[in-house]
Amino acid sequence: MGDRLRLPQSALVGREREQRLLRERFAVADAGQGSLVLIGGEAGIGKTALVDSLVRIEADVGAVILSGHAYDLSITPPYGPWVEILRAYHPTATLPPIPRSLHDSQALIALDSQDSLFTQALDFFVAVAREAPLVLILEDLHWADSGSLEFLRVLARRLHQHRILLLATYRSDELTSLHPLAQMLPVLVRESQAERLNLPRLSSQQLRALVVLRYPLAESDAARLVDYLEVHADGNPFYALELLRTLEEEARLAPDGEGWRVGDLSRLRVPPLLRQVIENRLARLEPATVALLQLASVIGQVVRVDIWQAAGGVTAERIAAVLEQAMGAHLLEESRDQAAVRFSHALVREVLYTGMVLPRRQATHRQLGELLAARPDADPDAVAFHFQRAGDPRAARWLLHAGRQARQRFAPRTAIERLSEALSLAGHLNGTERVHARLERGRAYETIGSFEAAVADGEAARDLAREAGDAELEWRALLDLGAAWEPRDYERAGDHYRLALARARSLGDPAALAVSLNRLGRWHFNVLELDDALARHTQALTLLEELHDTPGVARTHDHLAMARWGKGDGIGADEHWQIALDLFELLGNRQALAASLATSSALSSIDFFVVAVGSPARDLERAARSLQIARAIGWQAGEIFALIARGCLLALRGELADALALLHEAQTRAEAIGHREWSATAEWAIGRSLLYGFAVEEARRHFERALTRAGRIGSVFWTRIIAAALAQALVEAGSLDRARAILDTHFGPFDMAGITSGSLDLAHERAVRAALALARGDHSATLQIVDTSLATLPNTAQGTIPQFVRLRARALAELGRSNDARQDLLAARETLARFEERPTRLVVCRELELLARELGRVEEAEEAGREARTLAEFIAGHLPVDAKSFRAGFAASIEELFTEGRGRPRPSAGALSEREIDVLRLVAEGLTDVQVAERLFLSRRTVSAHLRSIYTKLGVSTRTAATRLALELRLI
């Protein structure tokens, strides 16, 4: 790092507490626990001086100190301050080199996502910190681009693990409530426990200390000088020092023997603004020197000497002379880059810049734009900025380049800014360039979740491409439109994907054809045309393997995994996912890796309608990593889905408080960005979590909202999955007729003979159909539905599906086949335990306890009962603390579950009412609930209520046990 301006120690008067805190933070960081310190205050308040005071200490102990700035009156390129930090770094024999991808444009473009970039930078800084304590300084963060702020957030979350102290300064008076930094500050404090220092103005006593330490003065002179500074500097240290320097220059403050004296201040014409102080200082310089300084102000806050010399058309000697004068006047200072200098303060540059008349400023900007554009390493941001300020139409094309580069560098918000500016100058772009600008901006909008804007740009790009007769660009626009519509309206998405496939075939490009086949195959999956999905993806895989397109092969295996999973083939799905994950990892495709990790963790292992092939540890690790990656790359939709995946996993483990917190966050954020698919999915997951806590009525309401949202986007897959969940809740609430109506509406009327093929959505439906039959007392139908459904699903011989097995156990027990029922419950419990699924296992263990007791297996019953109670206690301890009604409802349900059949006296002949005896007598004859209701002229719901009362009074759990005990007691 180059020498920094070292203000005198007196400039730090009144900052003792802040200096002490920074030294403490550095000591802690040096010991291995880094941190972030945010230093705010108005311009000139002493933020940089405070940082410099620490830098002088840190340099003496061998710390690596790197700093970067953001600037006003110039364009801020993507990650500008971080780029400066890397430029200031110099590897040594012990310090590692900078990765090529962080300083080489082509290597950077080869990265696949913002997270890949962030990971490379994180790994580099960590590697440096292993060798020496690392201090990173970000100055004037209020002018930083969004990409720089995003990386700051990512790095801040990792600091506590490494020897890195990060100091960030910003002007607090520049921040409005809508400023990106203002919105991020509380997030940084919450996520990384950042320390916030807001520097106040100096008090009268502190100004006195500043004066006394700097000048040996008589008491009366010191008092007059402090009064002067109080009025005109208003407690701002920079203003105070500049005013003191001006007083010295005008001999109003001068040495006098061994001390100093203060002249007459009452007649002094004091500049009301610091700008005038700077202007007065400039007035003492030669006009030619001022002109060159104004040229430098147009170049930027940091001025490369070679560009300054070339633009000014002067010799190196002339530049050196100007530098000597400017540095002597405290207008310029050395930069850490030996090939550049910098203005001593942003206000100095502002005075010079605004002191130029507009035509001259524009001409200078045009000259600089042409000069920079001719360089082989031309920075499109800088070139575009100068042409813009010059009002030159060439700005449009350079803005397009800058926007594309920003998106390639994973700075979508910066890309949107540049491309919007380019499109505002669309009259200076040709037809193809306008299409590219729309496509690039639409993709950037989609990345940040702005659906309407993404669609508008996609449609504009498509129309422009058609007008230009460019089939390839039209194909790309159609794909982008399909992707934008997919989370919101599957019918529209499918229309665009089919048009894109037709256009790809006309191009005769196998790579384009494979991409379109995969996109359309994914759409087929979402509308549950699973065989079509498998066919499309298989065709795409063949093409891509022939092309040796490894990224395409990876994506296709991910699609095939989903299609296999949708057909209930858990083993086949897991094989494809493992290939996809390995390839994404190898390729460094972080966005695809995040999506695949979330999907495989949420679906492959825990949805027991397919064979469970993973493990809880693996799935939780995958979900956590997916969330980490999605956050790092700023992929909002991916982060929401990762939250849902982790929430579902925690709900299955019975950790309902944490699960619901994640799922509610996901639902809120999905609504905020208009992602209807994830909004419906989160609502469904919330309902399912509530159902695990026996909050049936509240779960039903969430399922109904989810079903409405899924219907709006036309997702057959989610509509059916959610409809089955709603029907299940209705069965548990005793609303059997409504449950059947829901199933008939979304799956069609049920026909046992129609169970000839298997898929995930149909497995969900058939499980609820079996539960309906069981609730109606038709146990033979329950068995038939379960066994036939299992036979249609692949790989079921290699694992159990607890939802089906539990229903079969209950039907078998009702039919008097208690030993067979026991075997099914044991198998279901084993599978659920292996995957640490607690809510369903709680009920299975209780059912096993009651059945084992009826079979005389006392020890087994007691062991199952203990396990059930342990599970109940665990879930009760993981309910939301503030959800009183939820906790009360769960406690009541558990009490009812464990009270049944325990601690009751042996029933007497008078235990049952006459109507209950009538119901039990007909049940003993083998009639179903519906048949009993018809015989006794009752509703089916009333019959079910009588049966529950009978079970409770007799202390049994099945119809067979109730009949047997009633016969023993001669109740029937």
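What counts, and where the lines are drawn
Counting restarts for each chain: residues are numbered from 1 in the order of the written sequence. Confidence filtering applies because this is a predicted model: local features only for residues at pLDDT of at least 70, side-chain atom pairs given and counted only at 80 or more, and all residues used for totals across whole chains, interfaces and linings. Side-chain descriptors were evaluated using all non-hydrogen atoms of the structure, hydrogens and water having been removed beforehand. Starting at the N terminus, helices and strands are each numbered in turn, a helix being any DSSP run of H or I of at least four residues and a strand any DSSP run of E of at least two. Note on exposure labels: buried denotes an accessible area under 20% of the residue type's maximum, exposed denotes more than 50%, and partly exposed covers the range between, all computed with a 1.4 Å probe on protein chains only. For this analysis, residues touch if any pair of their heavy atoms sits within 4.5 Å. Note that accessible areas follow from Shrake-Rupley with a 1.4 Å probe, and for residues the cover is restricted to the protein chains shown. For the charge count, each Lys or Arg is scored as positive and each Asp or Glu as negative, with His and the chain ends excluded. A charged residue contributes its charge at one atom only: NZ of Lys, CZ of Arg, CG of Asp or CD of Glu. Any pair of N or O atoms that falls within 3.5 Å is considered a polar contact. Within protein, one atom must be able to donate a hydrogen and the other to accept it, and sequence-neighbouring residues count only if both atoms are side-chain atoms. Here an angle of 0 to 180 degrees is reported between the N-to-C directions of two axes, which are lines fitted to C-alpha atoms, with helices fitted over the stretch in contact. In what follows, roughly perpendicular refers to angles from 65 to 115 degrees, roughly parallel to angles under 35, roughly antiparallel to angles over 145, and oblique to any angle outside these ranges. Working rule for handedness: look at the near helix, and if it is turned counterclockwise from the far one by less than a right angle, call the crossing left-handed; if clockwise, right-handed. Residues are grouped as follows: nonpolar covers Ala, Val, Leu, Ile, Met, Phe, Trp, Tyr, Cys and Pro; charged covers Asp, Glu, Lys and Arg; every other residue, Gly included, is treated as polar. If DSSP finds at least two bridges between two strands, the strands pair. Any carboxyl oxygen of Asp or Glu that lies within 4 Å of a side-chain nitrogen of Lys or Arg is treated as forming a salt bridge with it. We call Phe, Tyr and Trp rings a pair once their centres come within 6.5 Å, taking the six-membered ring for Trp, and we label the pair stacked below 30 degrees between planes, edge-to-face above 60, and tilted otherwise. Cation placement over rings: the criterion is NZ of Lys or CZ of Arg within 6 Å of the ring centroid and within 35° of the ring normal. A helix is expected to reach a length of 1.5 Å times the quantity of its residues less one. To qualify as a nonpolar core, a set must consist of buried Ala, Val, Leu, Ile, Met, Phe, Trp, Tyr and Cys residues joined through side-chain atoms within 4.5 Å.

Asks: What am I meant to see in the overall build of the chain here?
Replies: Of regular secondary structure, the chain possesses 46 helices and ten strands. Summarising its shape, the C-alpha atoms of the chain cover approximately 125 × 75 × 50 Å along the three principal directions. Residues classed as buried in the chain amount to 58% of the 972 residues present. A separation of at least 24 residues holds for 67% of the contacts in the chain among residues at least 6 apart in sequence. A total of about 39,400 Å² of accessible surface is found on the chain, and carbon and sulfur atoms cover 50% of it. Put simply, the chain has 116 plus and 128 minus side-chain charges, and the middle of one group is 3 Å from the middle of the other.

Asks: So what exactly am I meant to see when it comes to the side chain of Arg441 here?
Replies: By the element assignment, Arg441 lies in helix H20 (residues 431-447). When its relative accessible area of 13% is taken as the criterion, Arg441 is described as buried. Here the side chain of Arg441 touches Asp457 through a polar contact of 2.7 Å, side chain to side chain. Setting aside its immediate chain neighbours within four residues, Arg441 contacts Ile416, Leu419, Ser420, Leu423 and Asp457.

Asks: Explain unusual backbone geometry here, please?
Replies: For residues other than glycine, phi is negative in most cases, and the peptide bonds are mostly trans. Positive phi, close to 55°, is recorded for Asp140, a residue that is not glycine. Here Asp140 lies in the loop between strand E3 (134-139) and helix H6 (146-156).

Asks: Just checking my understanding: could you explain the packing of helix H26 (residues 550-566) against helix H27 (residues 570-587) for this structure?
Replies: One can describe the packing of H26 onto H27 by two numbers: an axis separation of 8 Å at closest approach and a directional angle of 155°. In terms of axis orientation, H26 runs roughly antiparallel to H27. Once H26 is placed against H27, the crossing between them reads as left-handed. Packed against H26, whose contacting residues are Thr550, Pro551, Val553, Ala554, Arg555, His557, Asp558, Leu560, Ala561, Met562, Arg564 and Trp565, the element H27 presents Gly572, Ala573, His576, Trp577, Ile579, Ala580, Leu583, Phe584 and Leu587 at the interface. Along the lines of polarity and charge, the residues of the contact of H26 with H27 split into 14 nonpolar, four polar and three charged.

Asks: Could you clarify how one ought to interpret the sheet that holds strand E2 (residues 64-69) in this entry?
Replies: Two pairing modes exist for strands in a sheet, parallel and antiparallel, and in both the strands are linked by backbone hydrogen bonds. Taken in spatial order, the five strands line up as E2-E3-E4-E1-E5 in an open sheet, and their pairing is parallel. Only two strands of the sheet have a single neighbouring strand rather than two, namely E2 and strand E5 (195-198). Adjacent strand axes in the sheet meet at a mean angle of 15° when their direction is disregarded. Bridge count between E2 and E3: six bridges; the pairing is parallel.

Asks: Quick question: what am I supposed to make of the sheet that holds strand E10 (residues 340-343) here?
Replies: Pairing within the open sheet is antiparallel, and its three strands lie in the order E8-E10-E9. If you trace the sheet from one side to the other, it starts and ends with strand E8 (302-304) and strand E9 (332-334), each paired once. Averaged over all adjacent pairs, the angle separating strand axes in this sheet is 35°, with direction ignored. Strand direction decides the pairing type here: E8 and E10, joined by three bridges, are antiparallel. In the strand pairing of E10, Arg304 is matched with Ala340. Contacts between helix H13 (residues 305-312) and the sheet are confined to E8, E9 and E10, with E8 contributing the most and set at about 70° to the helix.

Asks: In this structure, what is going on with the pattern of salt bridges? I would like to understand it.
Replies: Think of it this way: side chains of opposite charge can pair up when their charged atoms draw near. Counted under the stated rule, the structure contains 66 salt bridges. Asp381 serves as the salt-bridge partner of Arg418, at 2.6 Å between the closest nitrogen and oxygen. Placement of Arg418 in helix H19 (residues 412-424) and of Asp381 in helix H17 (residues 380-390) is noted, with a sequence separation of 37 residues between them. With its nearest N and O atoms 3.6 Å apart, the salt bridge here joins Arg705 to Glu683.

Asks: Please explain the packing of aromatic side chains as it appears in this structure.
Replies: Ring pairs (aromatic) are described by centroid distance and by the angle formed between their planes. Going through the model one piece at a time under the given rule, you end up with 15 aromatic pairs. Between the aromatic rings of Trp82 and Phe151, the centroid separation amounts to 4.7 Å while the plane-to-plane angle is 85°, which identifies the pairing as edge-to-face. Of this pair, Trp82 sits in helix H3 (residues 80-87) while Phe151 sits in helix H6, and the two are 69 residues apart along the sequence. The exposure class assigned to Trp82 is buried, which follows from its relative accessible area of 5%. We classify Phe151 as buried; its relative accessible area is 3%. Through a chain of ring-to-ring contacts, the aromatic side chains of Trp82, Tyr89, Phe124, Phe125 and Phe151 assemble into a single cluster. Above the face of the Trp523 ring, Arg498 is positioned so that its terminal group lies 4.8 Å from the ring centre. Taking NZ or CZ as reference, Arg838 lies 3.8 Å from the ring centre of Phe874, over its face.

Asks: Mind showing me how you'd approach helix H1 (residues 16-30) here?
Replies: In an α-helix there are 3.6 residues to a turn, and that puts residues three or four apart on one side. In this model, H1 (15 residues) spans 21 Å end to end at C-alpha, consistent with the 21 Å of a helix rising 1.5 Å per residue. Count one or two residues on from H1 and you reach Gly32, which has phi positive near 115°.

Asks: Explain the environment of Thr870 here, please?
Replies: Structurally, Thr870 is set in helix H41 (residues 858-876). The spacing of Thr870 and Leu842 is 28 residues in sequence and 8.6 Å in space, taken between C-alpha atoms.

Asks: Just checking my understanding: could you explain the nonpolar core for this structure?
Replies: Side chains that are nonpolar tend, in soluble globular proteins, to be buried together. Counting 213 residues, the largest nonpolar core has Leu36, Trp82, Phe125, Leu136 and Trp684 as the members making the most contacts within it. Aside from chain neighbours lying at most four places away, what touches Trp82 is Phe125, Leu136, Leu138, Ser148, Phe151, Leu152, Leu155 and Leu166. Among the nonpolar cores identified, the runner-up in size contains 40 residues, and Leu292, Val298, Leu372 and Ala395 belong to it.

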